[in-house]
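The primary structure of each chain is shown beneath.
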Amino acid sequence: MKVRKIPMRMCVGCKELKVKKELLRIVALPTGEIEVDNTGKKSGRGVYVCNNINCFEKAFSSHGLERSLKRPVSSEVYDALKVEIENE
Ligand SMILES: [Zn+2]
């Protein structure tokens, strides 16, 4: 039997590997801007967080996004991310 490989990504909050589609992607665009990537297809360096508020809080307090993207993440980005999570 063939096993299809499911793309897995690590959440910066809980550090667990999750199925990509269960995660939210935050991307640092080639222009240097950082935004929440609703499509999952934007080019740039991506970082992932689970679609739940606990992981968001963890990522926020541990500065996981900043560390992964190697640049500061503005509060607007965090706000946009929080809105995404709360809209689910
Ligand atoms: Zn998580």
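Residues numbered from 1 in each chain as written. Predicted model: local features only at pLDDT ≥ 70, side-chain atom pairs only at ≥ 80, totals over all residues. Heavy atoms only, no water.

Student: Go over the side chain of Glu66, please, and point to the residues and values.
Tutor: Its place among the elements puts Glu66 in helix α2 (residues 64–69). For the buried Glu66, no salt bridge is present, and the opposite-charge side chain at shortest range is Arg67, 7.9 Å distant. Once residues lying within four places of it in the same chain are set aside, the contact partners of Glu66 are Arg71, Pro72, Val73 and Tyr78. (Helix = DSSP H or I, 4+ residues; strand = E, 2+ residues; numbered from the N terminus. Buried < 20%, exposed > 50% of the residue type's maximum accessible area, 1.4 Å probe, protein only. Lys, Arg positive; Asp, Glu negative; His and termini not counted. Salt bridge = Lys/Arg side-chain N within 4 Å of Asp/Glu carboxyl O. Contact = heavy atoms within 4.5 Å.)

Student: Go over the coordination of the zinc ion with me, naming the residues and quoting the values.
Tutor: For the zinc ion, the protein coordination sphere consists of Cys11 (SG), Cys14 (SG), Cys50 (SG) and Cys55 (SG), at 2.2 to 2.3 Å. Written as a sequence motif, the donor residues of the zinc ion are C-x2-C-x35-C-x4-C. (Donors = N, O, S within 2.8 Å, 3.2 Å for Na, K, Ca; no water.)

Student: Break down the sheet that holds strand β4 (residues 34–37) for me, with residues and values.
Tutor: Taken in spatial order, the 3 strands line up as β4-β3-β5 in an open sheet, and their pairing is antiparallel. Edge positions in the sheet fall to β4 and β5 (45–50), since each of these pairs with one other strand and no more. Sheet twist, expressed as the average angle between the axes of neighbouring strands with direction ignored, equals 30 degrees. Note: strand β3 (residues 23–28) against β4, 4 bridges, orientation antiparallel. Residue pairing in the sheet places Ala28 in a bridge with Ile34 of β4. (Pairing = 2+ DSSP bridges. Axes fitted to C-alpha atoms, helices over the stretch in contact; angles between N-to-C directions.)

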